[in-house]
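# Examination of the molecular architecture
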Amino acid sequence: PDVITEDNLHSNILVSSMLDSPINTLYQAVRQVFAPVLLKDEKWSKTFEPKLQKLLSELEAGLSTVLRRSDPNYTGTKFSEDDVRAILTPTDEFQFWIECAHHGSKWCSKERASHFKDLFEDIAKDYYNLDSLSLFEVVDLVETTKDTVDGVWRQTEHDPYPQLRMHNLLDVIGGSLGRYVQRKLAALNLWEDAFHSVKENLKAGILICEQWVSACEYLTGQLWQRYTLHPWKNEKYFPESLAKLGKRLDEVLTVRTLHEKLTFFLPAGEQNALHLAQVFEPFAGLNPVHYNPYTEPLWKAAVSQYERIIAPAEQKIASKLKKFISEIRDSPQQLLQTFQKYKELIKHPNISKELLFERETLLARLQDYVKEYQTDFETRCHGVPGDVSGPLSGKNLSEVVNNIVWVRQLELKVDDATKLAEALLSDLPGFQTFRQSADSFLEQLKVYEQEQFDDWSRNIQSELSNPKLGLCIQANSPVMELDHVFGTLNILYSDRLVTLLREVRQLSALGFAIPANIQNVANTAQKFCKQAVILKQVAHFYNSIDQQMIASQKPMMLQSALAFEQIIKHSKSGPGGQTQITWDNPRELEAYIQKLQAAAERLSTENRKLRKWHTNFIEKVISLMNIDLLRQQQRWKDGLQELRTGFASLESQIKKWENLRSCRSVVSEPLT
């Protein structure tokens, strides 16, 4: 403190001009005044905490990025891969890899940067045009983003994606989604617009927040921590700001839903008497979607005032609900549905207090439900899927996946019961007992689930150690072999491998970390799966074509059958055909498959045509047998000529069939 005089005016007062832009003013003040003093001056840097020094450096870098992006002459800057201070939005990250792919650097090759750029392309366009998307489209974008960042983290073609960059990317994606939701919902009048529209938009906004929070927790807390090739280290990442925004939106939806339920239950006269039209006045001047720690006290005060206004209406609603519930008390299913339907009303303190007996009845019903689920589980858990005493079975699921999916469904049912109890019954004396029994059962289900996966892992690893079981496919091994004893064609790609691929894919989707050796086998098998499926189709055709032929027609197809067999018997590649075709030679394998398919198609086409001719001849002979030769001689002659014309046509289409003439005489001479 000092008296301002002409002498000390310029030394005691700092003047900052705002003529250019407040961002530039703040940036210049930090860069030229405060950062040098607080970071470089030994006197002040000793007392300035390292965390604050870091924040100040990040502020300077962030402001610099904003100014750079607003400069039309900005064409890109060379970054360090560990430097994320300039990455404020997802598009900054995408642009970072685009620039690295274009320029390259000593720490990142153009190929690696280009690979990451390509992986991000699936979502980059949507984030560049985020505001043009609807809330419901962004719900889908969140799921796509989760898959994309998972692909980026788990790619193995190049060096891994740095954890520091990924942590920052997850953070800026959450920030971008949060700001988008706020902008979209700010365009609505959340208190006066039609309830249906407000409800759908708020639910979509809440879903966006919850899905991204859930995705971050799942990826960094489970999936990536178990990924042995590039594990996530340290604690899982939790987007706290986005989670709190989702909670605020849920509170707004609760307030609006409560008002809608009140107006539904109360006739117009009672609504006017209780002044329900003025219940939203406490929120006047507040932007409900503008969440931050500074607006939270104002929001809580407004909610408290709102609850005081609706208290008289809640008393009337409680008596109506009490009467309604008493009529359906003997129907457990209806009771649950009613509590679920009016959850927003019942969890309010005034109504909750009035419905004490009804809530105790609900708690007893939920306890019975959990016990029934547990008894059913313990009865079925050791059986075979699909049996009366076994787990319920789904379609196209192996036993291990089926059992885990069945248990997950039970977990969801118990979890739903627990959530309903937490929302409406947490103040009741028996709630803790119920919660403990539900948690104990959930833990039992988790143990069973893990045991199923562990047993599957042990069995597969045991099969991998036995080459005869067909799970060990080598890239340089032959693709097929001809059994000279039985004359069958066998593709050296086990059906068990196809099942294993499906199991690995499904178990990964269920959140399990596949052991590295099993994952490697699955990756190798996946590379050749498409070709193996085609070859198996050709092999099945080769092994069963004789059953599809009519015995008398087999000699007619001898040439095509021999040509097809020659391709199979001489499955060699290289000069002189000395080397067997193997899985790791995709170009020659593809060419060989095309030759096989073409030969198989020729044989199949000839067989179909001959079968069709055979059927036509049968029909014509039967029709001739039904003709009266005394009365319908001309009809007989016409039919016989038609038959001979058919033979002539067939004879002209298929040459060199030595048995055709004798076959013709066998049919025509007796008729003559």
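As recorded in an unreviewed UniProt entry, the protein goes by the name Dynein cytoplasmic 2 heavy chain 1, listed as coming from Accipiter nisus.

### Here we look at the packing of helix 8 (residues 163–186) against helix 10 (residues 240–265)
Two elements in contact, helix 8 and helix 10, have axes separated by 9 Å at closest approach and are oriented at 25°. Judged on the interaxial angle alone, helix 10 and helix 8 are roughly parallel. Judged by the sense of rotation from one axis to the other, the crossing of helix 8 with helix 10 is left-handed. Residue-level inspection shows Gly174, Leu177, Gly178, Val181, Gln182 and Leu185 of helix 8 in contact with helix 10, the latter providing Leu242, Leu245 and Leu249. Its residues assigned to classes, the contact of helix 8 with helix 10 shows six nonpolar, three polar and no charged.

### Quick look at helix 7 (residues 135–154)
Compared with the 28 Å implied by 1.5 Å per residue over 20 residues, the 29 Å span of helix 7 between its first and last C-alpha is a close match. Those residues of helix 7 that sit buried are Leu135, Val138, Val139, Leu141, Val142, Thr145, Thr148, Val149, Asp150, Val152 and Trp153.

### Thoughts on the environment of Arg248
Tracing the chain through its elements places Arg248 in helix 10. On a C-alpha basis, the gap between Arg248 and Tyr291 in space is 7.1 Å, while along the polypeptide they are 43 residues apart. The contact partners of Arg248, leaving out residues within four places of it in the chain, are Asn287, Pro288, His290, Tyr291, Thr295, Glu296 and Trp299.

### Describing the side chain of Lys261
When you line up the elements, Lys261 lands in helix 10. We classify Lys261 as buried; its relative accessible area is 18%.

### Here's the deal with the packing of aromatic side chains
In total, this model carries 24 aromatic pairs according to the counting rule given. Between Trp224 and Trp232 the ring centres are 5.8 Å apart and the planes differ by 40°, which places this aromatic pair in the tilted class. For Trp224, a relative accessible area of 0% corresponds to the buried category. The exposure class assigned to Trp232 is buried, which follows from its relative accessible area of 4%. Ring pairing ties together the aromatic residues Phe94, Phe96, Trp97, Phe116, Phe120, Tyr127 and Tyr161, which thus form one cluster. The positively charged end of Arg165 is found above the aromatic ring belonging to Phe96, 3.7 Å away from the centroid.

### Observations concerning empty space enclosed by the protein
By the definition in use, this model includes three cavities of 30 Å³ or more. Taken as a whole, the largest cavity holds about 130 Å³ of empty space. What lines the largest cavity is a set of 14 residues, and nearest its centre among them are Arg154, Tyr227, Ala513, Ile514 and Gln519. A per-element tally of the lining of the largest cavity places helix 20 (residues 516–548) first, with three residues. Of the residues assigned to the lining of the largest cavity, the class counts are eight nonpolar, four polar and two charged.

### A word on a negative patch on the surface
Together, Glu137, Asp140, Glu143 and Asp147 make up a negatively charged patch on the protein surface. Tracing the backbone through its elements, the reader meets Asp147 in helix 7.

### Describing unusual backbone geometry
Positive phi values are uncommon outside glycine, yet Asn234 reaches one of about 70°. On the secondary structure map, Asn234 appears in the loop between helix 9 (195–223) and helix 10. Among the residues examined, Asn234 registers a relative accessible area of 67% and is labelled exposed.

### Quick word on the pattern of salt bridges
Enumeration according to the criterion identifies 21 salt bridges in this entry. Where Glu411 meets Lys446, a salt bridge forms, and the shortest distance between an N and an O atom there is 3.5 Å. One end of the pair, Glu411, is in helix 17 (residues 399–424); the other, Lys446, is in helix 18 (residues 431–464), with 35 residues separating them in the sequence. Here Asp455 ties to Arg458 by a salt bridge, and the two come within 2.3 Å at their closest N and O atoms. Taken together, the residues span about one helical turn, with Asp455 and Arg458 both in helix 18 at a distance of three residues. A relative accessible area of 35% places Asp455 in the partly exposed class. Several salt bridges share partner residues, and in doing so they unite Lys117, Asp118 and Glu121 into one network.

### Here's the deal with the layout of surface pockets
Estimated volume of the largest pocket: approximately 790 Å³. Of all the elements in the fold, those that place two or more residues in the lining of the largest pocket are helix 9, helix 10, helix 13 (332–341), helix 14 (343–346) and helix 17. Counting residues per element, the lining of the largest pocket draws most heavily on helix 10, which supplies seven residues. The residue makeup of the lining of the largest pocket, split by class, is six nonpolar, three polar and twelve charged. Taken as a whole, the second largest pocket spans an internal volume of roughly 580 Å³. Lys54, Leu55, Glu58, Asn168 and Asp171 are, among the 14 residues lining the second largest pocket, the residues nearest its centre. Elements supplying a minimum of two residues to the lining of the second largest pocket: helix 4 (50–70) and helix 8.

### Comments concerning the packing of helix 9 against helix 10
For the pair helix 9 and helix 10, interaxial distance at closest approach is 9 Å and the crossing angle is 155°. Comparing their axes, helix 10 and helix 9 come out roughly antiparallel. Where helix 9 crosses over helix 10, the two elements pack in a sense that is left-handed. Contacts between helix 9 and helix 10 pair Phe195, Val198, Lys199, Leu202, Lys203, Gly205, Ile206, Cys209, Trp212 and Val213 from the former with Leu242, Ala243, Leu245, Gly246, Leu249, Asp250, Val252, Leu253, Arg256, Thr257 and Glu260 from the latter. Considered class by class, the residues forming the contact of helix 9 with helix 10 number 13 nonpolar, three polar and five charged.

### Things to note about the side chain of Thr145
Position of Thr145 relative to the elements: it lies in helix 7. The exposure class assigned to Thr145 is buried, which follows from its relative accessible area of 0%. Dropping the residues within four chain positions of it, Thr145 is found in contact with Ile123, Tyr127, Ile173 and Trp212.

So, how was this worked out
Residues numbered from 1 in each chain as written. Predicted model: local features only at pLDDT ≥ 70, side-chain atom pairs only at ≥ 80, totals over all residues. Heavy atoms only, no water. Axes fitted to C-alpha atoms, helices over the stretch in contact; angles between N-to-C directions. Helix = DSSP H or I, 4+ residues; strand = E, 2+ residues; numbered from the N terminus. Parallel < 35°, antiparallel > 145°, perpendicular 65-115°, else oblique. Left-handed = near helix turned anticlockwise from the far one by under 90°. Contact = heavy atoms within 4.5 Å. Nonpolar A, V, L, I, M, F, W, Y, C, P; charged D, E, K, R; others polar. Expected span 1.5 Å × (residues − 1). Buried < 20%, exposed > 50% of the residue type's maximum accessible area, 1.4 Å probe, protein only. Phe/Tyr/Trp six-rings, centres within 6.5 Å; stacked < 30°, edge-to-face > 60°. Lys NZ or Arg CZ within 6 Å of the ring centre and 35° of its normal. 1 Å grid on protein atoms, 1.4 Å probe; cavity = no way out; pocket = protein on both sides within 12 Å on 5 of 7 lines; lining within 4 Å. Points joined across faces, edges and corners; volume = space filled by probe spheres on them. Patch = residues over 30% accessible without salt bridge, like charges linked within 9 Å, V, L, I, M, F, W, Y side chains within 5 Å. Areas by Shrake-Rupley, 256 points an atom, 1.4 Å probe, with all protein chains shown as cover. Salt bridge = Lys/Arg side-chain N within 4 Å of Asp/Glu carboxyl O. Lys, Arg positive; Asp, Glu negative; His and termini not counted. Charge placed at Lys NZ, Arg CZ, Asp CG, Glu CD.

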